[in-house]
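# Structural characterization, general
Take a look at the letters that make up each chain.
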Amino acid sequence: MQKKLSPSSPPGSDSIDIGALRPPFAPRDETARRFFGLHRLGVRPGLDSVRELLSRMGDPQRELDSLVIAGTNGKGSAVLALAAYARSAGLRTGLYTSPHLLDLRERIQIDGESISRPAFSGLVEEYWPLIEECGTTFFESLTALTLEWFRRCEVDVAVLETGLGGRLDATNVVRKSGLVLTSVGLDHQELLGSSLEAIAREKLGLAEAGVPFYLDDLDPELHALAQECIDAVGGEAVAIDALAPEVLPSPERVQGRLQQHQLGRMYAVWKDLAARRNWPAADPGTALAGLELPGRYDVVASSPRLVLDTAHNAHALHRVLEQFAQEGAAEQRVLVFGSVHGKEIDSVLPQLASVAGRVLLCAPDWYRALPPESLRERITAAAQFPVALEIHPTVREALERARSLRPEAGILVTGSNFLVAEALDRLGIDELGSKSPFWESGAPLRRRERGLREAR
């Protein structure tokens, strides 16, 4: 019997017709289709349901040494870097990330390899009755299955990215060896609060007695708040700046300045944690050799140069656009932009208007996408001079138009995780890290029909 949800539980959107989604949003198989159906439960902050599910699974989280990384921006690259350092130290490493770009299984990795399709299907089949009885949401259920998989694989350390906030995030149930807060900005205000202080308090709700909490990219007021919140529970606040982070050579694929900056800072975190936990030292050369950070100022093609970045709020977009603005003259740059409802982007619209000689607006094929006509009105109103704006009905057509312009300094695609995911798919990229078979040849980009059959 399925657990009855409380009246205060926000429901999922009734407008998602999973069977009608195009790739990469369509589930790739029947297991993923079943799991995606949990989106009907929406986002329900709280820990009671996930704790009940984990308890009935035998509490796998109690057998893991876990690092939990939170932050409005930067946490994705932080978890990937920390996992790489852990692997280079010879530790069997579990990695849990959110969201995925092309395949749900990307979120669950052991030593850099995604969980296999048969293994994931087996887990879902085994625990589906419990998931239904406990009424856990998509993220709660996936978190619990991930922790169980990590237990079965006997990982030495689990590196976990929070889904939303921290205090009431499903990852807050684990046994923590260390915590990281990468940044605090305005995002998900409807759930986390309307001010930076409120959002910071939610993320700092991860703090726990005796656990080091590494703090990065906080202004003095927020740092003082963090110190207060961490002290209140008996934790230890550690400023990453105080650890004397090094500047490390970046892998070829890591071209985002924020990500390059973080490699040294997360290495400093690992060194401090390793000393505290008696873990082996990491080898940064081994860790960073071939490291890729998909969707994070990710150069996926050349001729013309094509950069994808999942920045989706003003805090992240400002940094990405600032870097792009330094690559050649404005008339040599093209921006492809799309966003979804609920994101605070108004403060960055003047920068959007000035960063490129031409701005191509489109909407990812997702139910919450902002209409490009609405974006055009907002950008035009915010601009202080005429802007060369174009509207394109699909991401594929926007990409093909950008390619035809052959901008010398390149093309940046940004504004949404959904936009980047769809761009990757239309480029013909089915596995992260691979190259497009269409872009440089000038061949038409991939078209997609709706439905699960096409997703296979």
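Keep in mind it's a predicted model, so treat the numbers as computed, not measured. (Residues numbered from 1 in each chain as written. Predicted model: local features only at pLDDT ≥ 70, side-chain atom pairs only at ≥ 80, totals over all residues. Heavy atoms only, no water.)

This brings us to the overall build of the protein. On a plain count of helices and strands, the protein comes out with 16 helices and 14 strands. Taken against the 2.2 N^0.38 rule, which gives 23 Å for 456 residues, the C-alpha radius of gyration of the protein at 21 Å falls within 12% of a compact globule. The principal-axis extent of the C-alpha atoms belonging to the protein is close to 55 × 50 × 40 Å. A buried classification covers 59% of the 456 residues belonging to the protein. Put simply, of all contacts in the protein between residues at least 6 apart along the chain, 76% involve residues at least 24 apart. (Helix = DSSP H or I, 4+ residues; strand = E, 2+ residues; numbered from the N terminus. Rg over C-alpha atoms; globule rule 2.2 N^0.38 Å. Buried < 20%, exposed > 50% of the residue type's maximum accessible area, 1.4 Å probe, protein only. Contact = heavy atoms within 4.5 Å.)

To continue, consider the confidence of the model for the protein. Interpreting fine coordinate detail is not advised for predicted regions of low pLDDT. Within the protein, residue pLDDT values average 91, and 93% of them lie at 70 or more. Within the model, the stretch residues 1-15 combines pLDDT values under 50 with 29 contacts to residues more than four positions away or in other chains. In this model, residues 451-456 is a region of pLDDT below 50 whose contacts with residues beyond four sequence positions or in other chains number 20 contacts. (pLDDT = per-residue confidence, 0-100.)

Following the sequence through the fold, Thr31 ends up in helix 1 (residues 30-36). You can call Thr31 buried: its relative accessible area is 16%. For Thr31, the side chain forms a polar contact with the side chain of Ser121, separated by 3.0 Å. Apart from residues no more than four positions distant in its own chain, Thr31 is found in contact with Phe120, Ser121 and Val124. (Polar contact = N/O pair within 3.5 Å; in protein donor to acceptor, adjacent residues only side chain to side chain.)

Cis geometry marks the peptide bond from Pro23 to Pro24, where omega comes out at 10°. Structurally, Pro24 can be placed in the segment before helix 1. Backbone torsion omega between Ser98 and Pro99 reads -5°, so that peptide bond is classified as cis. One can find Pro99 in the loop between strand 2 (93-96) and strand 3 (108-110). Here the phi dihedral of Asp59 falls at roughly 50°; this positive angle occurs in a residue that is not glycine. Considering the arrangement of structural elements, one finds Asp59 in the loop between helix 2 (48-56) and strand 1 (66-70). One non-glycine residue with positive phi stands out, namely Arg406, at about 50°. Position of Arg406 relative to the elements: it lies in the loop between helix 14 (395-405) and strand 14 (410-414).

Attention now goes to the sheet that holds strand 6 (residues 176-181). The strand order across the open sheet built from 8 strands is 4-3-2-5-1-6-7-8, with neighbouring strands paired in mixed fashion. The open sheet has two free edges, formed respectively by strand 4 (113-114) and strand 8 (236-239), since each of these has just one partner strand. (Pairing = 2+ DSSP bridges.)

Turning to the environment of Phe35, a few remarks are in order. Inspection of the secondary structure assignment puts Phe35 in helix 1. Exposure remark for Phe35: the relative accessible area of 0% places this residue in the buried category. When residues no more than four places from it in sequence are discounted, the contact partners of Phe35 are Leu104, Phe120, Val124, Trp128, Ile131, Phe138, Ser141, Leu142 and Leu145.

With that settled, consider the pairing of strand 6. Here is the key point about a regular strand: its side chains alternate between the two faces of the sheet. Burial runs high along strand 6: 6 of the 6 residues are buried. Bridge count for strand 1 against strand 6 is 5 bridges, and the pairing is parallel. Each bridged residue has a counterpart across the sheet, and for Ile69 the counterpart in strand 6 is Val180. Taken together, the 3 bridges between strand 6 and strand 7 (residues 212-215) define a ladder with parallel strand orientation. If you follow Leu181 over to strand 7, its bridge partner there is Leu215.

Our focus in this paragraph is the packing of helix 3 (residues 75-88) against helix 9 (residues 257-277). Put simply, helix 3 and helix 9 touch, their axes get as near as 9 Å, and they point 50° apart. Here helix 3 is positioned oblique relative to helix 9, judged by the angle of their axes. For the pair helix 3 and helix 9, the crossing hand works out as right-handed. Contacts between helix 3 and helix 9 involve Ser77, Ala78, Ala81, Leu82, Tyr85 and Ala86 from the former and Gln259, Gln262, Leu263, Met266, Tyr267, Val269 and Trp270 from the latter. Among the residues forming the contact of helix 3 with helix 9, the class breakdown is 10 nonpolar, 3 polar and no charged. (Axes fitted to C-alpha atoms, helices over the stretch in contact; angles between N-to-C directions. Parallel < 35°, antiparallel > 145°, perpendicular 65-115°, else oblique. Left-handed = near helix turned anticlockwise from the far one by under 90°. Nonpolar A, V, L, I, M, F, W, Y, C, P; charged D, E, K, R; others polar.)

Residue position: Leu82 is located in helix 3. Residue classification places Leu82 among the buried positions, given a relative accessible area of 0%. Distance in space between the C-alpha atoms of Leu82 and Trp270 is 6.8 Å, their sequence separation being 188 residues.

The pairing of strands in a sheet happens through backbone hydrogen bonds and is either parallel or antiparallel. Reading across from one edge, 9-10-14-11-12-13 is the order of the 6 strands in this open sheet, with mixed pairing throughout. Edge positions in the sheet fall to strand 9 (298-301) and strand 13 (389-391), since each of these pairs with one other strand and no more. Taking each pair of neighbouring strands and ignoring which way they run, the sheet shows an average axis angle of 25°. One ladder, built from 3 bridges, connects strand 12 (residues 358-361) with strand 13; its direction is parallel. Looking across to strand 13, one finds that Leu360 is bridged to Glu390. Where helix 13 (residues 372-382) meets the sheet, it contacts strand 11 (333-337), strand 12 and strand 13, and its direction lies at approximately 165° from that of strand 13. Against the sheet, helix 14 makes contact with strand 10 (306-309), strand 11, strand 12, strand 13 and strand 14, and its axis sits at roughly 160° relative to strand 12, the strand it touches most.

Among the nonpolar cores identified, the biggest contains 62 residues, and Phe35, Phe150 and Leu204 are the most heavily contacted of them. Top element by residues in this core is helix 4 (residues 117-134). It accounts for 9 residues. Core analysis: the next-biggest nonpolar cluster, separate from the first, contains 35 residues, Leu91, Val180, Leu273 and Leu288 among them. (Core = buried A, V, L, I, M, F, W, Y, C linked by side-chain atoms within 4.5 Å.)

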